[in-house]
Every structure is written in C-alpha cells, then in structure tokens.
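Next come the chains, spelled out residue by residue.
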Amino acid sequence: MKSQKFTIAELVAPVVGLPTVEIAGLVEYPPNPDLGDLALPCFRFAKQLRKAPTEIAKEVAAVLTESGNFKDVAVAGGYVNVYVAQGAVAKEVVGALRTEPQNLFAEKRLIGDSAAIDYSSPNIAKPFGVGHLRSTMIGHAIANLLREDGSRVIGINHLGDWGTQFGKNIAAYRMWGDEETVRKNPTRELLELYVRFHAEAEKHPALDDEARAWFKRLEDGDEEARSLWQWFIDESLKAFQATYDRLGVHHEQVLGESFYNDKMDAVVEELKEKGLLTESEGAEVVDLSAYDLPPCIIRKSDGATIYATRDLAAALYRHDVLGGNRLIYVVGAEQTLHFQQVFKVLELMGREWAKDCRHVAFGMMKYNGERLSTRRGKVVYLEDVLEKAVAEARRIIDEKNPELPNKDDVAEAIGIGAVVFNDLKNYRMHDVDFRYEDVLNFDGETGPYVQYTHARACSVLRKAGVKDNFDSSSASDVVLQPSEWRLIVEMNKANEMFERAIDQLDPSLIARLVLDVCHAFNRFYHDVPILGADTESEKEFRLELTDASRRFIAYCLNLLGLRAPEAM
RNA sequence: GUCUCAGUAGCUCAGUAGGAUAGAGCAACAGCCUUCUAAGCUGUGGGUCGGGGGUUCGAAUCCCUCCUGAGACGCCA
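Keep in mind that what you see is a predicted model, and the values were worked out from it rather than measured.

(A) Structural view of the environment of Glu 107. The residue Glu 107 is located in the loop between helix H5 (86–99) and strand E4 (114–118) in this model. Setting aside residues no more than four positions away along its own chain, Glu 107 makes contact with Lys 2, Asp 149, Asn 495 and Glu 499. Within the structure, Glu 107 has its side chain in polar contact with the side chain of Lys 2 (distance 3.5 Å).

So, in structure tokens, the structure goes:
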C-alpha cells in the first residue's frame, strides 16, 4: 500500500504544510474495513493550523476527492477515510507478482552495501542443540532479506574451535575414547566424553591439570594434540554439514576462532599504540568508564588473550579483508554487554564503521523451563527434534493424503518447516520454552499451515490446467468480492513489511505477513468458487489471484528458509 | 546491589515511529466437506494490556516509580 500512501501524502502535503514523507508515515490502516482502506488522522495538524481537526479533515477530503484517484473519500470526526480503486490496485499487485514476485517486496535499496553476518557459530565437539536453531535460522533469514534488497551478504560461521575445553576433550578422548564410536556419532560421543570428564574432575582435580597441559601442548603445536584437535573439527563439521543441508543453510565463510590466533597481537599492538590499554588487577584492559561500561579485558593476568581480543581481530578481518562495510552478529542476548564493549573499543580505535555494527540479540531457549547446559549434558539435540517433526509430518500425510507421490521428501519439508517457522514467528527477544507439543502441532499459525495454503493454491492451478501466461486485462473491470479484496490488501503490504523487517533485522515480520496472507487466501478459497466462477472473466481473475498468492507465499517461505512443496 | 531485556485472554503470542470498539493461534464449545486439498473456514465464551502516578485532544504504546521473571555485571564464549 506504500504507493497509495504516498499518493495521499503528496496531495495532502500542500494543505497541511508538512513534508510528504512525514504524512505518508501517518497514513494508517483503519481498524475496520467499513472505514475504508486507508485513513489519515488529522488531530496532529490542528495546533499548527489553528483549526479544528474536523475542519482540516474536510479540507483534506475535498482535495483527495478532487484528485479523482480514489473511489471514495469520507470524513469521520477527525479522520479522513479513503476507499481506493480496488480493481486498479488489484491489477497492480497481481501484475507485479506475475512477473517478478520480488518486485512487490524489494526496491533494492541496499545496492552497494555489503554485510558480514555472523550466525549459527556452533562449538566444535559439542552437539547441535535446539538452542542453535535460533542463531542459525534468524541469521539465515536476515541474510536472505538483505540479499534480496541488494546487499552483498557474507555469511560467516564463527566456529567455536579453540579454548581450554579442547584440553579436556583431548585428555578425555585419550583416557576413554574410541575412534570408531566417535566416527559414528562425533558430536554426541565427544560430548559424552566431555561430560564424563567434568564428572570425574569433580573427584580428581588432577584431571584439570592434565587438561591444561594438553591445551598448552595444542597451543605449542604438539603433533598429537594438533591432529586430535583437527580430527574433532573435521568430524564435527561433517555432522554440522548434514544438519545445514537439511535446513538449507549456507555460509560464505567458515572461519573458526582459531583462525584469529595469529591476528590478535596486532590488535593488542594497535591498542597499545593508541594509548587505550591500561593495567588493572594484573590484566590489560581498555577502560570504558567514560561510557558507563565496565572495562574490556584484552589480556588476562596470565598474559593470554580473551574472547574480546579475538572478536576485535575478527571484526577487523571481516571489514578489512572480507569487505563487509557493516558487521552483524546474530548471537544470544546474554552477550549484549560484550558486544557493546567490543563496538565501543572499535570506535575508540578510530573505526568509524563501528557505528554500523549490530548485535541481533535473541532470547534464551529453555527446556521444561530449565536452562540448557552442555557442560552438564543437558541438551535437546536438533536432529532428534527434526526427526520427530518429520515423522509426525509423515504420519499426517499417510492419514490425509496416502496417494501423494514422494511422501518422504514432502514430510521432510513439512517437518522441518514446522520446527523452523515455530522459531521465526515470534519476537526474537522473548525467551522460548521449547515444548514438543508446540512444535509437533501443525494447526493454526504454523509452518505447515503456510505450506498447506501454498499447496492448496497449486492444486487449484493444476486442476485448471493453468500455463504461466494470463491475460491480465480482466482485473480492472471485475468487481471484487470482499474476501478477494482482503487478500489483495494483505499482499499489498509486502513492501512495507519487507523494509521494516530489514530495518529492524527482524524476520518475524515476514512470518506474520505470510500468515495474514494465508488466512486471507483460505478465506477467499472458502468464500468464492474459483474454477466454478459464474463468468469466464471472473474465473480468469480468480485464477490470476490464486497464482499470485501461490508466488507470494512461496517467496516468503523461501525468505524464511522453508521449502514450499506443491502438494502435501 | 547496579545495568539490560521481558510482563497483553487459561496457554503461546501479535499489536509498542501515540490514534477509532485491544487482535490471532492453541485449548473448550457449536457449526461447515455430493463443489477447487477440512493441515481449512465460520461462530461463542474468555482482558484491572503487571500495579500506581504523569504527559496528551487521545496511552498497551512516551516519561517517572514500584512489583515480578530472565540475563549480564573482569580474567569462559
């Protein structure tokens, strides 16, 4: 509806003496369809114009009526209610979707932008839990959105492949590990060894010294330590890759923490040169008290670097070498303070692009109300969740559509879609308590609902024997049914919602939008006959609308990282 | 203790660049398949928008304060 909003704003601007953009922002959707398609509240202008809102509304209405751009304009108190020319708008929306669906969404505002976006970033030798789904899928969706708007996206998987825990992994593996078992199920087995190590170390503190020694050997390049470490990485990556393939997730760069081992000295040097480093309690820190932030530790009292140092080195690399002119981090909200500190230090280092860095935070995933903890072995494996969801999808297919070809493939798309959509549809800052009953429910506001709606539209088009070309002349002279218009209105919000989703880096807006469109489509499908329309031109138009809806839904699903089967 | 984030129907959440009677889904109940996929559609019941102040023509939305929950707060990431 953006173009209609601007049409109104342009006409109203001279009347109220405010910039067009500002007025366009005030145009809203009335709460009730009887009140028109768009509305402009005029209370805001009253003080400046020294006139009653109702008077202003009347003047505004007169101008809008005179323009002849709208079907009807009405004044209701201080509101001006506008009824748009439905046929023309319908033709515009359907036409855009028929040629290039993305035209309705993206105006390619971000051409010339390049965004380095850090998402997923699991830890090596640990399993991929449901918790990782958040960073992975929110990040993947944001990457898709930015790319569609013209940005050059560099997706980065910042693997946790370094740190003292690898001393424990190595020590544990040497004591109790078995090559075959690890190979068969790398992340689960390595986690088990890790958990066992923690349990045993409680009783025998000497084990911790053993682990420290092994990490030291790893740092010093000891061959045995090195090759075990590399093997853990290779096996873990194989397991992760299988999951990424199922989820359809891809990264341009896979660079673990260890990649920056030789790049941190330069950061420390620069900080020292710029006089940012001060000594405090034996450690070297950047004092940020002037900015109401706690100090950022750069070197621990034992001389070793820490994750802040690593993240600084990584940020410089992403900007200077990979060419990301802004950096985005899709990382849990518990790291908010850390990123505030890192961004501030970058700014103090004179990197003016620090202001464009964003931490896309999200709430914590819990299970039965409890915090998940890998160290204590409290994990819900993502693969288990996907397996259950796919099995449930398969069960429902067997029940409802036993004749369906390639059932397994469809079940895979639906089951995974249910899990992914469930994670994307809500405001990302909320903590989520993972419950199987939610994920395995395929009714209502769910991924399968959206996919089902898509399949339904496809089915109608199949029955109609539709080829890809329509004679679009019909739209403007057809009188629209309420449910048809409702559907057009919802789809016409694409551009606004898309841009808001990008500006706020929030894919849930796209999920909400496509849910609204699906609801409108299902109502349309229920209320008016498509193939059995009274006249040929009505039938033609409804098929066009069905085709447009199908493309719209598929486009949104793909943005969110879901597949859109044509039958289910 | 300090800071940050959250608090909307029984449950999960939309709505938060201030606007008209606060909306969905789930669960419950009642309808709708001789017609295009019922994983759907329609209806009913269900609300001190955490409490209290304030700003405004108008507040779930902005400000202050209190309550509750989560997270963070120097050598893990």
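(B) Inspection of the UniProt feature "short sequence motif: 'HIGH' region" (unreviewed entry) in chain A at higher detail. UniProt's entry tags residues 122–132 with the feature "short sequence motif: 'HIGH' region" (unreviewed entry), counted in the numbering of this structure. Helix makes up 18% of residues 122–132 and strand 0%, whereas the separation of the span's terminal C-alpha atoms amounts to 7 Å.

(C) Structural context of helix H7 (residues 165–176). Between the first and last C-alpha of H7 there are 16 Å, a value that for 12 residues agrees with the 16 Å anticipated at 1.5 Å per step. Along H7, 9 of the 12 residues are buried, which leaves the element largely enclosed by surrounding structure. Of the positions making up H7, those classed as buried are Gln 165, Phe 166, Gly 167, Lys 168, Asn 169, Ile 170, Ala 171, Ala 172 and Tyr 173. Against the buried residues of H7 lie helix H8 (179–184), helix H9 (186–203), helix H10 (206–219) and helix H11 (223–247).

(D) Inspection of the environment of Ala 206 at higher detail. Mapped onto the elements, Ala 206 comes out in helix H10. As for Ala 206 and Leu 146, which are separated by 60 residues in sequence, their C-alpha atoms are 51 Å apart.

(E) Here's a closer look at the protein's contact with RNA strand B. In the region of RNA strand B, 62 residues are neighbours, and Tyr 79, Lys 300, Lys 400, Tyr 452 and Arg 456 sit closest. Counting only the atoms of RNA strand B that lie within 4 Å of the protein, the sugar and phosphate share comes to 63%. Measuring from a phosphate oxygen of RNA strand B, one finds a backbone N or O atom of Tyr 427 at 2.7 Å. The contact in question runs from a base oxygen of RNA strand B to an N or O atom on the backbone of Leu 531, over 3.0 Å. Listing elements by their share of the surface near RNA strand B, those giving two or more residues are helix H3 (43–49), strand E3 (79–84), strand E8 (283–286), helix H15 (382–400), helix H18 (447–464) and helix H21 (508–527). Examining the composition of the surface near RNA strand B, we find that 8 residues originate from one element, H18, more than from any other. Of the residues that constitute the surface near RNA strand B, the class distribution is 30 nonpolar, 13 polar and 19 charged.

(F) View of the sheet that holds strand E1 (residues 38–41). With respect to topology, 3 strands assemble into an open sheet ordered E1-E3-E2, the strand pairing being antiparallel. Two strands close off the open sheet at either side, each with one partner strand: E1 and strand E2 (70–76). On average, each strand axis in the sheet is tilted by 20° relative to the strand beside it, whichever way the strands run. Across the sheet, helix H4 (residues 53–67) touches E1, E2 and E3, and the angle it forms with E2 is around 170°.

(G) Examining the side chain of Arg 428 more closely. As for its placement among the helices and strands, Arg 428 is situated in the loop between helix H16 (407–424) and strand E14 (432–434). In this structure, Arg 428 is buried with no salt-bridge partner, the nearest side chain bearing the opposite charge being Asp 506 at 4.5 Å. In terms of polar contacts, Arg 428 uses its side chain to reach the backbone carbonyl oxygen of Leu 505, at 2.6 Å. The residues contacting Arg 428, other than those within four sequence positions of it, are Arg 134, Ile 138, Val 360, Ala 361, Phe 362, Gly 363, Gln 504, Leu 505 and Asp 506.

(H) Quick look at the layout of surface pockets. The volume enclosed by the second largest pocket comes to roughly 630 Å³. Those elements that provide at least two residues to the lining of the second largest pocket are H15 and H18. For the lining of the second largest pocket, the leading source of residues is H18, giving 9 residues.

(I) The arrangement of the sheet that holds strand E10 (residues 326–330) in detail. Strands sit in the order E6-E5-E4-E10-E11 across an open sheet of 5 strands; the sheet is parallel. Taken across any chain shown, the strands that pair with only one partner, and hence form the sheet edges, are strand E6 (253–254) and strand E11 (358–360). Two elements, E4 and strand E5 (residues 152–157), share 5 bridges in a ladder whose sense is parallel. By the bridge assignment, Ala 115 is partnered in E5 with Val 153. Strands E4, E5 and E10 of the sheet are contacted by helix H13 (residues 307–321), whose axis makes an angle of about 135° with E10.

(J) Structural view of the packing of helix H1 (residues 2–16) against H4. The interhelical angle for the contact between H1 and H4, taken along N-to-C directions, is 135°, at an axis separation of 10 Å. Considering the angle they form, H1 stands oblique to H4. Every pair of crossing elements has a handedness; the one defined by H1 and H4 is right-handed. Packed against H1, whose contacting residues are Ile 8, Leu 11, Val 12, Val 15 and Val 16, the element H4 presents Ile 56, Glu 59, Val 60, Val 63, Leu 64 and Ser 67 at the interface. In the contact of H1 with H4, the residues fall into 9 nonpolar, 1 polar and 1 charged.

(K) Spatial organisation of the environment of Ala 290. Locating Ala 290 in the fold gives a position in the loop between E8 and strand E9 (296–299). Separated by 114 residues in sequence, Ala 290 and Trp 176 place their C-alpha atoms 51 Å apart.

(L) The pairing of E1, seen in detail. Along E1, one buried face is formed by Leu 38 and Leu 40 and the opposite face, lined by Ala 39 and Pro 41, is buried too. Judged from the 4 bridges that link them, E1 and E3 form a sheet pairing that is antiparallel. Of the residues in E3, the one forming a bridge with Leu 38 is Val 82.

(M) Focus on the domain arrangement of chain A. In terms of domains, chain A is made up of domain 1 (4–84), domain 2 (119–371) and domain 3 (436–560). Computed over C-alpha atoms only, the centres of domain 2 and domain 3 are separated by 42 Å. At the interface, 13 residues of domain 2 touch 11 residues of domain 3. Regarding the contact of domain 2 and domain 3, the summed buried area is about 1000 Å², with carbon and sulfur atoms giving 75% of it. If you sort the residues of domain 2 by the area they bury against domain 3, Leu 145, Glu 148 and Asp 149 come out on top, with a joint share of 45%.

The rules behind each value
Residues numbered from 1 in each chain as written. Chains lettered and ligands numbered in written order. Predicted model: local features only at pLDDT ≥ 70, side-chain atom pairs only at ≥ 80, totals over all residues. Heavy atoms only, no water. Helix = DSSP H or I, 4+ residues; strand = E, 2+ residues; numbered from the N terminus. Contact = heavy atoms within 4.5 Å. Polar contact = N/O pair within 3.5 Å; in protein donor to acceptor, adjacent residues only side chain to side chain. UniProt positions renumbered as here; feature names shortened; annotations may be inferred. Expected span 1.5 Å × (residues − 1). Buried < 20%, exposed > 50% of the residue type's maximum accessible area, 1.4 Å probe, protein only. Near = heavy atom within 4 Å. Nonpolar A, V, L, I, M, F, W, Y, C, P; charged D, E, K, R; others polar. Pairing = 2+ DSSP bridges. Axes fitted to C-alpha atoms, helices over the stretch in contact; angles between N-to-C directions. Lys, Arg positive; Asp, Glu negative; His and termini not counted. Salt bridge = Lys/Arg side-chain N within 4 Å of Asp/Glu carboxyl O. 1 Å grid on protein atoms, 1.4 Å probe; cavity = no way out; pocket = protein on both sides within 12 Å on 5 of 7 lines; lining within 4 Å. Points joined across faces, edges and corners; volume = space filled by probe spheres on them. Parallel < 35°, antiparallel > 145°, perpendicular 65-115°, else oblique. Left-handed = near helix turned anticlockwise from the far one by under 90°. Domains from an automatic or database assignment. Buried area = accessible area lost by both parts, 1.4 Å probe.

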